[in-house]
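# Chains, contacts and geometry: an overview
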Amino acid sequence: MRELDTFGRILIPKEIRKELNINEGDKLHISCIDNTVILKKVDKNICDKCGEKSYTKQLNLCQECMEKLLI
Ligand SMILES: [Zn+2]
């Protein structure tokens, strides 16, 4: 069991970070389903806006979100 600190932070155990290959600076997506908090490692090739597979490595945006930005 882990305790939440005053800022709402919690430590992810070293074993889990190692198993999932989570390192400092990596992004995690946080969601909540049925009283359960889910932390999911964000794939670096995923669109920052919608979570779909991105096609630009530089911007991390999918084609659809890229087109919305250009209009
Ligand atoms: Zn997108």
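Conventions used here
Residues numbered from 1 in each chain as written. Predicted model: local features only at pLDDT ≥ 70, side-chain atom pairs only at ≥ 80, totals over all residues. Heavy atoms only, no water. Helix = DSSP H or I, 4+ residues; strand = E, 2+ residues; numbered from the N terminus. Buried < 20%, exposed > 50% of the residue type's maximum accessible area, 1.4 Å probe, protein only. Contact = heavy atoms within 4.5 Å. Areas by Shrake-Rupley, 256 points an atom, 1.4 Å probe, with all protein chains shown as cover. Salt bridge = Lys/Arg side-chain N within 4 Å of Asp/Glu carboxyl O. Patch = residues over 30% accessible without salt bridge, like charges linked within 9 Å, V, L, I, M, F, W, Y side chains within 5 Å. Lys, Arg positive; Asp, Glu negative; His and termini not counted. Charge placed at Lys NZ, Arg CZ, Asp CG, Glu CD.

Bringing the overall build of the protein into the picture now. From N to C terminus, the protein includes two helices and two strands. Secondary structure elements of the protein, listed N to C terminal, follow the sequence α-β-β-α. Its C-alpha atoms give the protein principal-axis dimensions of about 50 × 25 × 20 Å. The 71 residues of the protein split such that 14% are buried. Taking as baseline every contact in the protein between residues at least 6 positions apart, the subset at least 24 positions apart corresponds to 2%. For the protein, the exposed surface amounts to about 6,800 Å²; the carbon and sulfur share of it is 54%.

This next bit is on the pattern of salt bridges. Two side chains with opposite charge may pair up if their charged atoms get near one another. All chains considered together, the criterion is met by two salt bridges. Between Asp5 and Arg9 there is a salt bridge, with the nearest N and O atoms lying 2.9 Å from each other. Between Glu64 and Lys68 there is a salt bridge, with the nearest N and O atoms lying 3.9 Å from each other. A residue pair is termed a helical-turn pair when its members lie 3 or 4 positions apart in one helix, as Glu64 and Lys68 do in helix H2 (residues 63–70) at four residues. As far as the burial class goes, Glu64 and Lys68 line up, both exposed.

The next thing to look at is a positive patch on the surface. The grouping of Arg2, Lys14, Arg17 and Lys18 at the surface amounts to a positive patch. Mapped onto the elements of the fold, Lys18 is located in helix H1 (residues 14–20). Lys18 gets classed as exposed once you look at its relative accessible area, which sits at 72%.

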